[in-house]
Amino acid sequence: NAPGLPPMNKDANSVSAFAEDHLGNIWIGMIDGGLIRYRNGAFEQFPPSSGAPDQGVRALLIDAKGRLWIGSLRHGLLRVDEPGAAQPTFRSYQKKDGLSHQTALAVTDDRDGRIYVSTGMGVDRLDPDTGQFRNFTESDGAPEREFRVAFRDRHGAVWFGGDTGLIRLLPRAGRTEAPEVRVYAVRVNGEDRLLSDLGDREPAALSL
């Protein structure tokens, strides 16, 4: 019941994401209550007129440059360059900008500063410097499914998880790399040969 914080017992409202910016402000994403910031000992809710999503905030990320990234159910991906500003400016990325779907369920980044977004249609990658999206498809090993969580591990690999399973993406340096080819199945006389569940770059030689 703190001032500026939407009631938690109304319309099944609940918190879906947290993030702390470089100034120590706490950002809170709400299922129905939109976006909230805890700053200088007080909560403040950002209205739709500010450019913030009014509801359905599912993911929050602070990148290496201190920018805040917001994944929302209906407003795509949003970016705030100065999260500590008294009146933050929200920049939106939607389907018209190259996002594969208006829903952004999970957000993470790689060591080169590129942003990865799990949408209702799979996984997209945004280069913030150019504004260009790459949409990963099944040919890249990214099924068109809903992955609700995203995480970059200490080795730089990017992981996505959901009700249908887990996928791993290994980013490469550079901006125009070709997709890595992996073999996921080899059958001899209708019988599967043993391969890694993550695929093999060079399967063991076969003696036929």
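Everything below is about the structure printed above this text.
Residues numbered from 1 in each chain as written. Predicted model: local features only at pLDDT ≥ 70, side-chain atom pairs only at ≥ 80, totals over all residues. Heavy atoms only, no water.

**Examining the side chain of Asp-153**
Tracing the sequence through the fold places Asp-153 in the loop between β13 (149–152) and β14 (158–162). No salt bridge is formed by the buried Asp-153; its nearest oppositely charged neighbour, Arg-111, is found at 5.9 Å. A distance of 2.9 Å separates a polar side-chain atom of Asp-153 from the backbone nitrogen of His-155. Here Gly-156 takes part through its backbone nitrogen, which lies 3.0 Å from a polar atom of the side chain of Asp-153. (Helix = DSSP H or I, 4+ residues; strand = E, 2+ residues; numbered from the N terminus. Buried < 20%, exposed > 50% of the residue type's maximum accessible area, 1.4 Å probe, protein only. Lys, Arg positive; Asp, Glu negative; His and termini not counted. Salt bridge = Lys/Arg side-chain N within 4 Å of Asp/Glu carboxyl O. Polar contact = N/O pair within 3.5 Å; in protein donor to acceptor, adjacent residues only side chain to side chain.)

**Quick look at unusual backbone geometry**
Positive phi values are uncommon outside glycine, yet Asn-40 reaches one of about 55°. As for its position among the elements, Asn-40 is in the loop between β3 (34–39) and β4 (42–46). By relative accessible area, Asn-40 is classed as exposed at 70%. A positive phi angle, near 55°, is found at Asn-189, a position not held by glycine. Along the chain, Asn-189 falls in the loop between β16 (187–188) and β17 (191–192). Under the relative-accessibility criterion, Asn-189 is labelled exposed at 80%.

**Brief notes about the packing of aromatic side chains**
Evaluated as defined, the whole model comprises five aromatic pairs. On the basis of an interplanar angle of 50° and a centroid distance of 4.7 Å, the ring pair of Tyr-38 and Phe-43 is categorised as tilted. Under the relative-accessibility criterion, Tyr-38 is labelled partly exposed at 33%. Residue classification places Phe-43 among the partly exposed positions, given a relative accessible area of 24%. An aromatic cluster of at least three residues, connected via ring pairs, comprises Trp-27, Phe-46 and Phe-90. (Phe/Tyr/Trp six-rings, centres within 6.5 Å; stacked < 30°, edge-to-face > 60°.)

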